[in-house]
Protein chains: 4
Amino acid sequence: MATIGVDLGGTKILALRCEDGTVVARHRTTTPRTPDGTVAAIHEAARALGLEGVEAVGVGIAGLVRWPEGSFAWGPHVAGSDLPLRIELEGTLGVPVVVDNDANVAALAEHRLGAAVGYRNVIMVTLGTGIGGGIVVDGRIYRGESFAGEWGHMLYDPHGILCDCGKRGCWETVASGPALVRLAREVIELNPDSSFAVRFADTPVTGEAITAAADAGDEIARGLVAQVGAHLGRGICSLIAILDPEVVVVGGGLGSVGESVVAPARRVAADCLHGSAHRMLPPILVAALGPDAGAIGAALLAADHVEGVSEARR
Amino acid sequence: MATIGVDLGGTKILALRCEDGTVVARHRTTTPRTPDGTVAAIHEAARALGLEGVEAVGVGIAGLVRWPEGSFAWGPHVAGSDLPLRIELEGTLGVPVVVDNDANVAALAEHRLGAAVGYRNVIMVTLGTGIGGGIVVDGRIYRGESFAGEWGHMLYDPHGILCDCGKRGCWETVASGPALVRLAREVIELNPDSSFAVRFADTPVTGEAITAAADAGDEIARGLVAQVGAHLGRGICSLIAILDPEVVVVGGGLGSVGESVVAPARRVAADCLHGSAHRMLPPILVAALGPDAGAIGAALLAADHVEGVSEARR
Amino acid sequence: MATIGVDLGGTKILALRCEDGTVVARHRTTTPRTPDGTVAAIHEAARALGLEGVEAVGVGIAGLVRWPEGSFAWGPHVAGSDLPLRIELEGTLGVPVVVDNDANVAALAEHRLGAAVGYRNVIMVTLGTGIGGGIVVDGRIYRGESFAGEWGHMLYDPHGILCDCGKRGCWETVASGPALVRLAREVIELNPDSSFAVRFADTPVTGEAITAAADAGDEIARGLVAQVGAHLGRGICSLIAILDPEVVVVGGGLGSVGESVVAPARRVAADCLHGSAHRMLPPILVAALGPDAGAIGAALLAADHVEGVSEARR
Amino acid sequence: MATIGVDLGGTKILALRCEDGTVVARHRTTTPRTPDGTVAAIHEAARALGLEGVEAVGVGIAGLVRWPEGSFAWGPHVAGSDLPLRIELEGTLGVPVVVDNDANVAALAEHRLGAAVGYRNVIMVTLGTGIGGGIVVDGRIYRGESFAGEWGHMLYDPHGILCDCGKRGCWETVASGPALVRLAREVIELNPDSSFAVRFADTPVTGEAITAAADAGDEIARGLVAQVGAHLGRGICSLIAILDPEVVVVGGGLGSVGESVVAPARRVAADCLHGSAHRMLPPILVAALGPDAGAIGAALLAADHVEGVSEARR
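Residues numbered from 1 in each chain as written. Chains lettered and ligands numbered in written order. Predicted model: local features only at pLDDT ≥ 70, side-chain atom pairs only at ≥ 80, totals over all residues.

Asks: Any chance you could explain the relation of the copies chain B and chain A here in plain terms?
Replies: Copy one and copy two of the chain differ by a rotation about an axis and a translation along that axis. Superposition of chain B onto chain A requires a rotation of 180° combined with a translation of 0.0 Å along the rotation axis, giving an RMSD of 0.1 Å. Look at the turn and shift together and you get a two-fold axis relating the two. Relative to the rotation axis, the closest C-alpha in chain B is found at Asp157 of chain B, a distance of 2.6 Å. An overlap of 97% is found between the interface residues of chain B and their copies at the interface of chain A, pointing to a shared contact surface. (Least-squares fit on C-alpha atoms with pLDDT ≥ 70 in both. Contact = placed C-beta atoms within 7 Å.)

Next up, the structure:
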């Protein structure tokens with residue numbers, strides 16, 4: 001079966017054409033700044049990949065999505081609100097469409113094909129412009145009434161900085177690409193002569209550039225990534241206290257989210273685990289599907305839809 | 001069918017004998033300070049209520065309980081750890097026993113018989129010596145790998161005070177009976193001549209006494225209860241972001257947990273709801289079963305066990 | 001000798017005509033929102049009081065004043081910056097003028113005529129729209145290079161709210177009229193049915209109204225004033241560690257700054273005094289001259305100027 | 001004239017013999033853990049340097065010293081309290097003795113012979129086990145009633161960690177040798193494989209070792225020193241708001257306190273200066289006398305005493 005999966009994030013759109021479980025084509029573009037642009041861009045991506053033979057399209061979007069209606073309620077990083085995305089796309093594309101939260105479908109993908117294969121109760125934490133979350137219970141996406149998994153906006157520090165969502169001290173204000181950039185800027189300002197500052201003299205300070213520097217062995221960059229990892233681990237500890245999952249998968253677009261961020265997270269989580277003397281810390285794993293997880297998961301969800309896999313309201 | 005339900009909290013044990021859904025006898029005692037004492041006290045309570053005709057005993061305990069083994073792993077407010085409570089009690093009592101977390105069974109009770117009748121996705125927040133939590137998904141208790149719902153130890157303020165669990169800034173450090181007592185003591189120290197301070201000149205400053213004063217119209221007490229309610233509401237907002245439940249029920253032993261604490265919680269939760277312009281705040285209800293919820297829920301769980309109601313691992 | 005003293009605060013201007021140590025006339029007006037308006041308003045006030053026989057005019061202004069030039073550098077609560085106030089007023093009024101910080105002259109007045117008579121090393125803390133400060137060392141105003149005493153902008157809480165000055169967490173963000181108003185609004189929002197909230201249903205929530213309610217016995221109001229007093233006392237502790245004065249005087253325009261705010265401040269200061277087991281807490285006294293202290297001090301400074309009292313650079 | 005100056009810090013005692021302004025001999029020992037040991041150690045140091053021809057001995061001690069009595073009231077880092085040090089030493093040594101706070105005499109030394117020559121209003125901040133402070137006004141030590149300059153215990157963060165003095169969040173908890181060590185340990189724990197961690201695998205993590213690593217070009221160490229420098233600068237900003245000095249001198253025993261810590265401090269202070277658009281940041285200079293400043297200043301104070309230089313009560 002051929003399906004298309006689309007991952008619509010705060011900065012970019014990735015679309016994949018999958019045939020019988022294999023990615024056969026890909027298309028990448030920048031996220032438009034208007035709701036109309038968003039619909040057009042998805043249409044354009046699907047057309048570029050070819051709709052012939054495609055039985056369904058799945059879309060994962062960064063924000064609150066009403067399930068199973070597939071309307072985009074709102075998200076701090078994507079234009080538009082209360083947008084009937086599924087209906088509009090079905091009209092444009094002429095095939096069945098399913099629309100879900102981007103981290104939900106990424107969790108599904110990691111559960112089916114990635115780091116969480118063999119686990120039935122999974123939480124997935126995605127790091128990017130913000131923090132996204134997906135929950136898999138007994139092998140199926142758990143959505144609560146629709147919007148479960150929005151732990152990027154769990155309170156983390158009542159004295160913290162303002163979040164893009166308008167509240168103060170959400171978890172994603174300290175564990176995300178922008179948080180990493182903020183830390184880097186402070187270091188550069190305090191030590192303008194350091195080799196780290198020199199490295200960024202002519203290069204934009206982005207999350208990707210910092211994680212790339214960390215991967216290249218820059219120790220200041222590694223220290224900053226570890227700080228973000230520490231906050232990641234502290235928040236994961238709260239999620240473990242609340243959900244007690246079998247496994248935690250960390251993915252998302254923050255450069256190569258890998259051991260440089262997850263190792264410190266694991267150390268902090270082990271320190272802070274509630275009842276740590278009487279239980280095991282669940283595995284905290286790096287996502288296996290990389291930045292493709294969302295689009296692959298959207299394609300999987302589309303295939304499930306075609307096959308009538310029971311995806312009840314929750 | 002006759003069952004016995006036992007609620008084993010940080011300060012007291014309540015045991016109820018239920019026959020065909022009705023409470024026919026009750027027994028109350030103080031929680032012992034030793035693990036052996038705990039088993040003996042439950043045995044004693046069951047004997048006092050009469051074991052004749054009882055088909056099963058259910059126990060809810062404040063802390064981490066391994067499900068379905070029914071062993072008590074640990075809890076900051078109850079003596080003992082890694083205690084095979086279910087096995088020991090079955091040996092002593094000679095009937096089947098089920099042991100679960102106290103807030104889990106309270107949630108079950110409110111779902112079946114209390115404030116959350118008619119809702120299928122429920123979270124229950126219990127206020128007492130700490131904060132307990134229970135999750136009902138599709139009408140059944142959700143436990144994750146065993147210990148889900150321990151949101152009293154969700155990080156709430158990284159700069160906060162030490163929690164009984166050993167970590168800093170857990171939610172229950174600001175929303176619980178002890179938190180209320182701490183606020184009251186500060187007020188008394190700053191204003192030793194106030195009528196509020198005079199009221200407590202010869203009376204121990206307990207959570208119950210403060211909520212009683214609030215219910216009696218003392219405006220300082222009402223103000224303190226509202227502060228605790230505000231922290232309750234802020235934390236519930238995080239839970240809604242994470243779980244998106246149909247309904248939130250607030251109960252527990254903090255005096256008469258009622259509108260004096262839940263009304264401010266609701267106001268704060270409405271202010272802080274993630275995506276508040278695009279979704280509804282779920283109802284935040286006062287528990288209907290009062291301090292009996294835990295013991296009733298334990299009895300219900302025991303009856304389910306007898307009837308073979310599918311309570312899979314989670 | 002006749003002099004005029006003017007106290008130019010963030011909300012109002014008070015001018016007094018003093019003859020041989022006695023206030024013989026007073027004039028009060030609202031602080032204009034423009035620099036030109038400020039000069040005109042002082043001119044108008046002096047004319048209203050009568051300039052006949054007046055040998056000098058003294059002005060105390062809320063903000064940074066260059067001494068002895070008498071130019072107003074800047075202040076978060078008064079319009080204008082780098083304003084050559086002394087020179088402009090001498091041109092307009094035709095008599096010698098001295099211009100100083102408002103809390104400096106209030107400290108001088110309390111030292112000469114008020115609560116600090118008999119003490120030679122005094123710090124004065126004024127509570128109003130913000131916190132002002134004046135230091136008297138060996139009987140003379142201490143100004144450092146010019147701007148000493150601006151402890152309202154001492155860091156008090158790095159996680160605190162934004163101050164009118166643009167920085168975060170200055171002391172005056174928690175100990176001032178606006179801080180009191182903020183606390184009151186939170187209480188009203190949390191408990192809209194309380195008698196405190198009802199009292200302010202049709203009355204603007206101002207610092208004066210809240211302190212008036214406290215003085216009238218409203219216990220919620222007293223509790224809020226005590227909270228501000230606690231922050232006042234904690235900051236005074238820092239000042240004692242830094243300056244070790246003989247006496248601390250608390251005054252300013254926050255309603256009747258009296259024991260309702262100073263008693264809690266004293267309790268907190270006694271608790272937090274550095275080395276408290278080995279030293280005495282200096283007296284923390286309520287100002288004796290009330291809201292007139294600034295204008296009286298300005299008149300005293302003017303008289304000193306006429307008499308050639310050595311007021312060296314500092 | 002020959003005098004001996006003694007600097008009695010939290011970890012070591014340095015004694016110098018000075019003749020006509022020149023250091024001719026030095027003696028260094030560890031600070032004893034008992035009050036009796038302290039007196040004996042000073043006696044021993046003076047004897048080792050030779051008392052022949054010595055006209056007076058000056059002692060600077062880390063803590064609260066009553067002036068002019070010369071008794072040591074208390075200090076969090078030195079054994080003993082309410083110790084009549086001047087009287088005991090005069091009895092032992094047979095020459096006049098003056099005893100003052102260590103940072104006071106360091107400030108005097110920097111004012112007369114070091115970085116602050118030519119300035120009349122100086123504040124000196126010493127970084128070591130804690131933060132010490134000395135104030136020079138019009139060329140003379142300013143002591144208030146005795147204990148001025150104890151800004152290490154100014155409140156810096158109400159949510160901060162416990163200070164050795166027993167209070168929470170004092171400035172020295174974030175700007176001192178122990179603060180630097182704490183930061184280093186966190187970095188090592190988060191990144192146990194980093195070259196910084198490897199460097200300390202077999203070396204004790206001390207403030208001196210970290211600053212030495214920073215001076216040797218270790219960028220992680222430089223980053224940590226810069227963090228301490230940032231807190232130093234933020235606190236200096238409060239002191240400038242309060243005292244408006246001509247110059248700030250930073251010295252003390254934290255390794256080579258130099259530009260690695262003072263440059264970031266200066267950057268932060270420039271950012272946070274109250275009224276920064278309308279005034280200049282005073283110079284923030286590295287002390288010129290290094291770790292000898294306290295002992296030299298004590299010798300200077302002893303010489304002043306002999307020469308009858310008016311050192312009035314304050």
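That covers the picture; the talk isn't over yet.
Asks: Would you mind going over the domain arrangement of chain A with me for this structure?
Replies: It is common to give the size of an interface as the accessible area that goes away when the parts come together. Residue and element names in this part refer to chain A. Here chain A is partitioned into domain 1 (2-107 + 291-307) and domain 2 (116-287). Of note, the centres of domain 1 and domain 2, computed from C-alpha atoms alone, are 25 Å apart. Taken together, the 18 residues of domain 1 in the interface contact 21 residues of domain 2. Those elements giving two or more residues to the side of domain 1 that touches domain 2 turn out to be strand S5 (64-66) and helix H3 (102-113). If you tally residues by element for the side of domain 1 that touches domain 2, the top one is H3, at five residues. Split into classes, the residues belonging to the side of domain 1 that touches domain 2 amount to 10 nonpolar, six polar and two charged. (Domains from an automatic or database assignment. Helix = DSSP H or I, 4+ residues; strand = E, 2+ residues; numbered from the N terminus. Nonpolar A, V, L, I, M, F, W, Y, C, P; charged D, E, K, R; others polar.)

Asks: Mind showing me how you'd approach the sheet that holds strand S11 (residues 247-251) of chain D here?
Replies: As a general point, the strands of a sheet are linked pairwise by backbone hydrogen bonds and lie either parallel or antiparallel. Residues and elements named next belong to chain D. Read across the open sheet, the five strands follow the order S10-S9-S8-S11-S12; overall the sheet is mixed. Strands at the two margins of the open sheet, each flanked by one partner only, are strand S10 (140-142) and strand S12 (284-286). For this sheet, the mean angle separating the axes of adjacent strands, direction not counted, is 30°. Note: strand S9 (residues 131-137) against S10, three bridges, orientation antiparallel. Bridge pairing in S10 places Val137 opposite Arg140. Contacts from helix H7 (residues 219-243) reach strand S8 (122-127), S9, S11 and S12, with the element oriented near 155° to S8. Against the sheet, helix H8 (residues 259-272) contacts S11 and S12, and its axis sits at roughly 180° relative to S12. (Pairing = 2+ DSSP bridges. Axes fitted to C-alpha atoms, helices over the stretch in contact; angles between N-to-C directions.)

Asks: I'm lost on the interface of chain B and chain A in this one. Help?
Replies: Taken together, the contact pairs 39 residues of chain B with 38 residues of chain A. Among the elements of the structure, strand S6 (71-74) and helix H7 (219-243) of chain B are those that each provide at least two residues to the side of chain B that touches chain A. If you tally residues by element for the side of chain B that touches chain A, the top one is H7 of chain B, at five residues. Counted by class, the side of chain B that touches chain A contains 17 nonpolar, 11 polar and 11 charged residues.

Asks: Hey, could you run me through the interface of chain D and chain C in this one?
Replies: Taken together, the contacts link 38 residues of chain D with 38 residues of chain C. Those elements that place two or more of their residues in the side of chain D that touches chain C are strand S6 (71-74) and H7 of chain D. When residues of the side of chain D that touches chain C are assigned to their parent elements, the largest contribution, five residues, is made by H7 of chain D. Looking at the side of chain D that touches chain C residue by residue, the classes come out as 17 nonpolar, 11 polar and 10 charged.

Asks: Where do I start with the pairing of strand S7 (residues 97-101) of chain D in this structure?
Replies: Looking along a regular strand, one sees side chains alternate from face to face of the sheet. All names here are of chain D. Burial runs high along S7: five of the five residues are buried. Pairing between strand S4 (residues 54-61) and S7: five bridges, direction parallel. Directly across from Gly60, in S7, lies its bridge partner Asp100. (Buried ≥ 20, exposed ≤ 12 C-beta atoms within 10 Å, placed from the backbone.)

Asks: Sorry, what's going on with the sheet that holds strand S11 (residues 247-251) of chain B here?
Replies: Residues and elements named next belong to chain B. Read across the sheet, five strands follow the order S10-S9-S8-S11-S12 without closing on themselves; strand pairing throughout is mixed. The outermost strands of the open sheet, each flanked by one partner alone, are strand S10 (140-141) and strand S12 (284-286). Sheet analysis places strand S9 (residues 131-137) next to S10, joined by two bridges and oriented antiparallel. Bridge pairing in S10 links Val136 to Ile141. With respect to the sheet, helix H3 (residues 102-113) is in contact with strand S8 (122-127), S9, S10 and S11, its orientation differing from that of S9 by roughly 50°. The sheet contacts of H7 involve S8, S9, S11 and S12, and relative to S8 the element is tilted by about 155°.

Asks: I keep staring at the packing of H7 of chain D against H8 of chain D and nothing clicks. Help me out?
Replies: All names here are of chain D. Two elements in contact, H7 and H8, have axes separated by 7 Å at closest approach and are oriented at 40°. When the axes of H7 and H8 are compared, the pair comes out oblique. Where H7 crosses over H8, the two elements pack in a sense that is right-handed. From H7, Arg222, Val225, Ala226, Val228, Gly229, Ala230, Leu232, Gly233, Arg234, Ile236 and Cys237 reach across to H8, where they touch Ser260, Val261, Val262, Ala263, Pro264, Ala265, Arg266, Arg267, Val268, Ala269 and Cys272. (Parallel < 35°, antiparallel > 145°, perpendicular 65-115°, else oblique. Left-handed = near helix turned anticlockwise from the far one by under 90°.)

Asks: Is there a simple way to think about the relation of the copies chain D and chain C in this case?
Replies: By a simple turn and slide, chain D fits onto chain C: the slide is 0.0 Å along the axis, the RMSD is 0.1 Å, and the turn is 180°. Here 100% of the contact residues of chain D are again contact residues in chain C; the copies associate through an equivalent surface.

Asks: Mind showing me how you'd approach the packing of helix H7 (residues 219-243) of chain A against H7 of chain D here?
Replies: The description of two helices packed together rests on the angle between their axes and the distance between the axes. At a minimum axis distance of 8 Å, the contact between H7 of chain A and H7 of chain D shows a crossing angle of 55°. When the axes of H7 of chain A and H7 of chain D are compared, the pair comes out oblique. Seen along the crossing, H7 of chain A lies across H7 of chain D with a hand that is right-handed. Where H7 of chain A approaches H7 of chain D, its residues Glu219, Ile220 and Gly223 of chain A are matched on the opposing element by Glu219, Ile220 and Gly223 of chain D. Looking at the contact of H7 of chain A with H7 of chain D, its residues break down into two nonpolar, two polar and two charged.

Asks: Would you mind going over helix H2 (residues 85-93) of chain A with me for this structure?
Replies: Think of an α-helix as 3.6 residues a turn; residues three or four steps apart then line up on the same face. All names here are of chain A. Those residues of H2 lying buried are Leu85, Arg86, Glu88 and Leu89. In an axial view of H2, the angular spread of the buried residues amounts to 165°, which keeps them on one side of the axis. Buried residues along H2 sit in contact with helix H1 (35-49), strand S4 (54-61), strand S6 (71-74) and strand S7 (97-101). At the C-terminal side of H2, Gly94 shows a positive phi close to 75°. (Arc of directions from axis to C-beta.)

Asks: Help me out: how do you make sense of helix H4 (residues 177-190) of chain A in this one?
Replies: Over its 14 residues, H4 of chain A extends 20 Å from the first C-alpha to the last, a length consistent with the 20 Å expected when each residue adds 1.5 Å. For H4 of chain A, every residue scored as buried is listed here: Gly177, Ala179, Leu180, Ala184, Val187 and Leu190 of chain A. Angularly, the buried residues of H4 of chain A cover 165° about the axis, an arc narrow enough to put them on a single face. Where H4 of chain A is buried, its residues meet helix H5 (195-199), helix H6 (207-215) and H7 of chain A together with H7 and H8 of chain D. (Expected span 1.5 Å × (residues − 1).)

Asks: When you look at the confidence of the model for chain A in this model, what are you seeing that I'm missing?
Replies: Predicted coordinates in regions of low pLDDT should not be interpreted in detail. Residue and element names in this part refer to chain A. Here chain A averages 93 in pLDDT, and 97% of its residues register 70 or above. Across chain A, the element-wise mean pLDDT spans from 90 in H6 up to 98 in S7. Predicted complex metrics record ipTM = 0.96 and pTM = 0.89. (pLDDT = per-residue confidence, 0-100.)

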